[in-house]
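Structure assessment
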Amino acid sequence: MLNKQRLLTPGPTPLPEDVRLAMAQDMIHHRKPAFKKIMGEIQQGLQHLFGTSQPVLPLTCSGTGAMTAAVTNLFQPGETVLVIEGGKFGERWSAIAESHGLEMVILPVPWGKPVKVIDVLNSLDRWPAIKGILIQASETSTGVLHPIQEIGEMTRKRDVQLVVDGISAVGVSPCPMDEWGIDCLLTGSQKGLMLPPGLAFIALSQRAWERVHTVKSKQFYFNLPKERLQLEQQQTLFTPGISLLVGLAKSLEHFKGDKLQQLFRKQWALTMMARAGISAMGLELLALERFTWGLTSLLMPPGVDASDVLATMARDYGVVAAGGQGAMKGKMIRLGHMGHVDWSDLLAGLYALRQSYVACGGYSGCQNYLELAMKAYEQGLEQHVSA
Ligand SMILES: *Cc1c(COP(=O)(O)O)cnc(C)c1O
């Protein structure tokens, strides 16, 4: 075998060795003291990661499960929500809201652009029935950060819940829940957290909890008030993904204290590196402002099929990247650089991308793109990082 496999996708992401070893341990029982000790330990780490003093509930499901829990616990059928639809995951919010019988005001945003704060404000003014905003912190299908902090400044002055899917933002770029006035923040285990898929996490603000207690219809599995009561006893409502939670206790050590800021710095530098390398190759970046820190999306010129390039990267270089979703399939590549990924992985990713692109009929004249990428990485590390 010539190559190591490098997983440069926006989830799942590679795992550090200490996390993998922790998860290889034999089973423990979820109603016994050893498990309760782990639940106690992870709570502090999760609150630090989320930037909240509220409890962060672990759920055993994929990220979409936490999105479903947010919608079904916070809103009654018939209530109105504003959905920010700037990509595939915005569309998923609409699908979940619709399945729960909510009325929707949909604010479409061109793929690759962040939502405009003024458009959100206008929608809230125009439809006073809106009870909540469903949005992504990072729209993973395009690689864009929506202006959560600015929207939080509006929603905190109104009776509107700000519900944020932070699945590719939490642990990747700053998204401090309490400081930004987020009412519901959720994430999944397989993106920034250096864990396998299978867990999701959700936290609610004080006023969101008050609202949850007024919503009568509750799903049986995703019952957040009951989960919260269980959490107070270091327990979960049903049998959780025990091994994943054991792994989480380990992975959270990578985010402890100042390490979280260090990780943001790394993520920013990797993003600068990817963008510099891709631009130097002569390829077009999709997001030009407020781009995500954990993946970089780029467009293939007409005549070069992104699916062929991706297949070549995997076959000849061991680099697994992601394609575009929906209408962007075959036209776009999403190079992930979140989770346990560093500059050398990304260097391999950029080289594989350039070689495969050329092999599939693309033209790239620039020879020193790897050096330019490394220079951008080093400069990125020196920059002051804030979202
Ligand atoms: C990955 C992702 C999801 C979906 O998560 P699943 O774990 O596949 O359910 C939802 N939203 C965003 C922003 C994501 O990046």
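Because the structure is predicted, anything quoted here is derived from the model rather than measured.

**Here we look at the domain arrangement of the chain**
By domain assignment, the chain separates into domain 1 (6-12 + 258-382) and domain 2 (17-255). Here the C-alpha centroids of domain 1 and domain 2 sit 27 Å apart. Tallying the contact residues gives 26 residues for domain 1 and 32 residues for domain 2. Across the domain 1 to domain 2 interface the summed buried area is about 2,400 Å²; carbon plus sulfur atoms make up 64%. Of all residues in domain 1, L260, R290 and Q325 give up the largest surface area on contact with domain 2, accounting jointly for 26% of the area buried on that side.

**Focus on the sheet that holds strand β12 (residues 295-299)**
Taken together, the four strands give an open sheet; going across it, the order is β11-β12-β15-β14, and neighbouring strands pair in antiparallel fashion. Each edge of the open sheet is held by one strand with a lone partner, namely β11 (284-285) and β14 (322-323). Where β11 lies against β12, two bridges are found, and the strand directions are antiparallel. From the neighbouring strand, E284 faces β12, where its bridge partner is L299. Across the sheet, helix α10 (residues 259-281) is in contact with β11, β12 and β15 (332-336); its angle to β12 comes to roughly 15°.

**Quick look at the UniProt feature "binding site: substrate" (unreviewed entry) in the chain**
Taking the numbering used here, the UniProt-annotated feature "binding site: substrate" (unreviewed entry) corresponds to R334. Mapped onto the secondary structure, R334 falls in strand β15. Aside from chain neighbours lying at most four places away, what touches R334 is L8, P10, T140, S141, L295, T296, S297, A321, A322, G323 and Q325.

**With respect to the environment of P176**
Looking at the secondary structure, you find P176 in the loop between β8 (161-165) and β9 (184-188). A C-alpha to C-alpha distance of 22 Å links P176 and L245, two positions 69 residues apart in sequence. Setting aside anything within four residues of it in sequence, one finds P176 in contact with F50, G51 and I182.

**Digging into helix α13 (residues 369-382)**
Here α13 contains 14 residues, and its C-alpha end-to-end distance of 20 Å stays within 8% of the 20 Å for a straight helix at 1.5 Å per residue. On its buried side, α13 packs onto α10 and α12 (343-359).

**Regarding the UniProt feature "modified residue: N6-(pyridoxal phosphate)lysine" (unreviewed entry) in the chain**
Mapped onto the present numbering, the UniProt feature "modified residue: N6-(pyridoxal phosphate)lysine" (unreviewed entry) falls on K191. The topology assignment puts K191 in the loop between β9 and β10 (199-204). Look past the residues within four positions of K191 in its chain and what remains in contact with it is P10, G11, T13, I167, S168, M338 and G339.

**What about the packing of aromatic side chains?**
Using the criterion set out here, one finds six aromatic pairs in the structure. Taken together, a centroid distance of 6.0 Å and an interplanar angle of 90° make the contact between Y317 and Y351 edge-to-face. With a gap of 34 residues between them, Y317 in helix α11 (residues 306-317) and Y351 in helix α12 connect regions that are remote in the sequence. Overall, the relative accessible area of 26% leaves Y317 in the partly exposed class. Classification of Y351 by relative accessible area gives partly exposed; the value is 36%. Three or more aromatic residues joined by ring pairs form one cluster here, namely F220, Y221, F222 and F238. Geometry around F89 places K88 over its ring, the cationic atom sitting 5.6 Å from the centre.

**A short note on the pairing of β12**
With five of five residues buried, β12 lies mostly within the body of the structure. Side chains L295, S297 and L299 of β12 all project onto a buried face; the interleaved residues T296 and L298 project onto the opposite face, where all are buried too. For β12 and β15, the ladder comprises five bridges, and the chain directions are antiparallel. In the strand pairing of β15, L295 is matched with G336.

**Considering the site of the ligand**
Neighbouring the ligand are 14 residues, the closest being S62, T64, T140, D165 and K191. Between G63 and the ligand, the recorded distance is 2.8 Å, taken from a backbone N or O atom to an oxygen atom. In this structure, an oxygen atom belonging to the ligand sits 2.4 Å away from a side-chain N or O atom of T64. When the ligand sits alone it has 380 Å² of accessible area, and the protein chains cover 89% of it. Considering each element in turn, the shell around the ligand owes the most residues, three residues, to helix α3 (residues 63-74).

**Here we look at the sheet that holds strand β3 (residues 80-85)**
With mixed pairing, the seven strands of this open sheet are ordered in space as β2-β10-β9-β8-β5-β3-β4. Each edge of the sheet is formed by a strand with only one pairing partner; in this case those strands are β2 (56-60) and β4 (103-108). Each adjacent strand pair in this sheet contributes to an overall mean axis angle of 20°, direction not counted. Sheet analysis places β3 next to strand β5 (residues 130-136), joined by four bridges and oriented parallel. If you follow V81 over to β5, its bridge partner there is G132. Sitting on the sheet, helix α2 (residues 33-50) is in contact with β2, β9 and β10, with an inclination near 110° to β2. Relative to the sheet, helix α8 (residues 224-232) contacts β2 and β10, its axis offset from that of β2 by approximately 110°.

Criteria and thresholds
- Residues numbered from 1 in each chain as written.
- Predicted model: local features only at pLDDT ≥ 70, side-chain atom pairs only at ≥ 80, totals over all residues.
- Heavy atoms only, no water.
- Domains from an automatic or database assignment.
- Contact = heavy atoms within 4.5 Å.
- Buried area = accessible area lost by both parts, 1.4 Å probe.
- Pairing = 2+ DSSP bridges.
- Helix = DSSP H or I, 4+ residues; strand = E, 2+ residues; numbered from the N terminus.
- Axes fitted to C-alpha atoms, helices over the stretch in contact; angles between N-to-C directions.
- UniProt positions renumbered as here; feature names shortened; annotations may be inferred.
- Expected span 1.5 Å × (residues − 1).
- Phe/Tyr/Trp six-rings, centres within 6.5 Å; stacked < 30°, edge-to-face > 60°.
- Buried < 20%, exposed > 50% of the residue type's maximum accessible area, 1.4 Å probe, protein only.
- Lys NZ or Arg CZ within 6 Å of the ring centre and 35° of its normal.
- Near = heavy atom within 4 Å.
- Polar contact = N/O pair within 3.5 Å; in protein donor to acceptor, adjacent residues only side chain to side chain.
- Areas by Shrake-Rupley, 256 points an atom, 1.4 Å probe, with all protein chains shown as cover.

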